[in-house]
Amino acid sequence: MTTTDQPAIDPLTLGHAFFDRAREKLDMAVPAALTDPEQPATRGDIDLDPDLWTAAGVIPARPAAVLIGIVDRPEPGIILTQRTTSLPSHAGQIAFPGGKIDPGDATPLDAALREAEEEVGLDRGLVDPIGYLDLYCTFSGFRILPVVSRVAPGYTLTLNQAEVEDAFEVPLAFLMDKQNHALHSREWKGLRRRFYVMPYQERYIWGVTAGILRNLYERIYEK
């Protein structure tokens, strides 16, 4: 681990302090905008350049849910996955367990838990949901509802090799330190968009995943 990878330990990211704070800030109310593209979402891929939504001509309409699984240790970690390089979209990228909401899913939480079981074999009995973050819209057309959850530390994973190449934890303290939230930019369909990047060791966390993590930081520590 390099010097820049050392997490800045904030007492609010340790033990139950984070979970207590998250329960105060979040709830399990599902926003109507999840299934209604006519209603505005509060967060998305171009938070930093909101006027680009119109220029890009993107109308995200596909509901999805992801699990932000925070492992309940004295120094908690967030479970992330690396997608396989053979997937048709977002191949090889760092992601949360999750995916599109199916008709048989009773709630977005059920979708996130089902996907986590299918992708990495995470036992839903070890997951304690805390609350939903803001709805997050993506350039790829999804309206993602992240669910923040506490995960018991005794979990084991079995990866679905067709979808997930690896699964790992990144320290919550590192991800919740805004000094580790770098801003990068790139061209996309003739437009220059900015996005967050949170490199950790050999892991390049960026795009949707980094944007959702930034939202987690702002909701828990800044609002």
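Preceding block: the structure.
First, a word on scope: everything that follows refers to the structure included in this document. Every value quoted in this text rests on a predicted model; they were computed, and no experiment measured them. (Residues numbered from 1 in each chain as written. Predicted model: local features only at pLDDT ≥ 70, side-chain atom pairs only at ≥ 80, totals over all residues. Heavy atoms only, no water.)

Okay, the overall build of the chain next. Of regular secondary structure, the chain possesses five helices and 11 strands. For a compact globule of 223 residues, the expected C-alpha radius of gyration is about 17 Å, and the chain comes in at 17 Å, within 12% of that figure. By principal-axis analysis of the C-alpha atoms, the chain measures approximately 45 × 45 × 40 Å. Counting contacts in the chain only where the partners sit at least 6 residues apart, residues at least 24 apart contribute 69% of the total. Summed over its atoms, the accessible surface of the chain is roughly 10,300 Å², and 51% of this surface lies on carbon and sulfur atoms. Measuring between centres, the 22 positive side-chain charges of the chain sit 4 Å from its 32 negative side-chain charges. (Helix = DSSP H or I, 4+ residues; strand = E, 2+ residues; numbered from the N terminus. Rg over C-alpha atoms; globule rule 2.2 N^0.38 Å. Contact = heavy atoms within 4.5 Å. Areas by Shrake-Rupley, 256 points an atom, 1.4 Å probe, with all protein chains shown as cover. Lys, Arg positive; Asp, Glu negative; His and termini not counted. Charge placed at Lys NZ, Arg CZ, Asp CG, Glu CD.)

So, on to unusual backbone geometry. Positive phi, normally seen in glycine, also occurs at Gln201, with a value near 50°. If you trace the backbone, Gln201 turns up in the loop between β11 (191-197) and α5 (207-222).

It is worth spelling out the nonpolar core at this point. Nonpolar side chains in soluble globular proteins tend to be buried together. Counting 34 residues, the largest nonpolar core has Phe18, Ile68, Ile78, Leu175, Ile205 and Leu216 as its most contacted members. Counting only elements with at least two residues in this core, the list comes to α1 (15-25), β2 (62-71), β3 (77-83), β8 (142-151), β9 (164-171), α4 (172-175) and α5. Considering every element that reaches this core, the biggest residue donor is α5, with seven residues. Contact partners of Ile205, with chain neighbours within four places excluded, come to Leu80, Ile94, Val170, Leu175, Tyr196, Val197, Met198, Pro199, Tyr200, Ala210 and Leu213. Counting residues in hydrophobic clusters, the runner-up holds 21 residues, among them Ala65, Ala112, Ala116 and Tyr155. (Core = buried A, V, L, I, M, F, W, Y, C linked by side-chain atoms within 4.5 Å. Buried < 20%, exposed > 50% of the residue type's maximum accessible area, 1.4 Å probe, protein only.)

What describes a pair of aromatic rings is the distance from one ring centre to the other and the angle between the planes of the rings. Inspection of every chain in the model, using the stated rule, returns six aromatic pairs. The interplanar angle of 80° and the centroid separation of 5.8 Å between the aromatic rings of Phe18 and Phe19 together place this pair among those described as edge-to-face. Members of the aromatic cluster, joined through ring pairs, are Phe18, Phe19, Tyr217 and Tyr221. Cation over ring: Arg62 sits above Phe142, and NZ or CZ is 4.2 Å from the ring centre. The ring of Trp206 has Arg186 lying over it, and the distance from NZ or CZ to the ring centre is 4.5 Å. (Phe/Tyr/Trp six-rings, centres within 6.5 Å; stacked < 30°, edge-to-face > 60°. Lys NZ or Arg CZ within 6 Å of the ring centre and 35° of its normal.)

This brings us to the pairing of β2. Taken across its 10 residues, β2 has eight buried, putting it largely inside the fold. Note: β2 against β8, 10 bridges, orientation parallel. By the bridge assignment, Ile70 is partnered in β8 with Arg150. Of the strand pairs in this sheet, β2 and strand β5 (residues 98-100) are connected by three bridges, and their pairing is antiparallel. (Pairing = 2+ DSSP bridges.)

A few words on empty space enclosed by the protein. A full pass over the atoms with the stated rule returns one cavity of 30 Å³ or more. Taken as a whole, the largest cavity encloses approximately 80 Å³ of empty space. Of all the elements in the fold, those that place two or more residues in the lining of the largest cavity are β1 (43-44), β11 and α5. When residues of the lining of the largest cavity are assigned to their parent elements, the largest contribution, four residues, is made by β11. In terms of residue class, the lining of the largest cavity is made up of four nonpolar, three polar and six charged. (1 Å grid on protein atoms, 1.4 Å probe; cavity = no way out; pocket = protein on both sides within 12 Å on 5 of 7 lines; lining within 4 Å. Points joined across faces, edges and corners; volume = space filled by probe spheres on them. Nonpolar A, V, L, I, M, F, W, Y, C, P; charged D, E, K, R; others polar.)

The subject of this paragraph is α5. Taking 1.5 Å of rise per residue, 16 residues should cover 22 Å, and α5 covers 21 Å from first to last C-alpha, within 8% of that figure. Most of α5 is tucked away, with 14 of its 16 residues classed as buried. (Expected span 1.5 Å × (residues − 1).)

Here we come to the side chain of Thr81. Tracing the backbone through its elements, the reader meets Thr81 in strand β3. Relative accessible area serves as the criterion here: at 1%, Thr81 is assigned to the buried category. Setting aside anything within four residues of it in sequence, one finds Thr81 in contact with Gln93, Ile94, Ala95, Phe96, Pro97, Val120, Val164, Asp166, Ala167 and Phe168.

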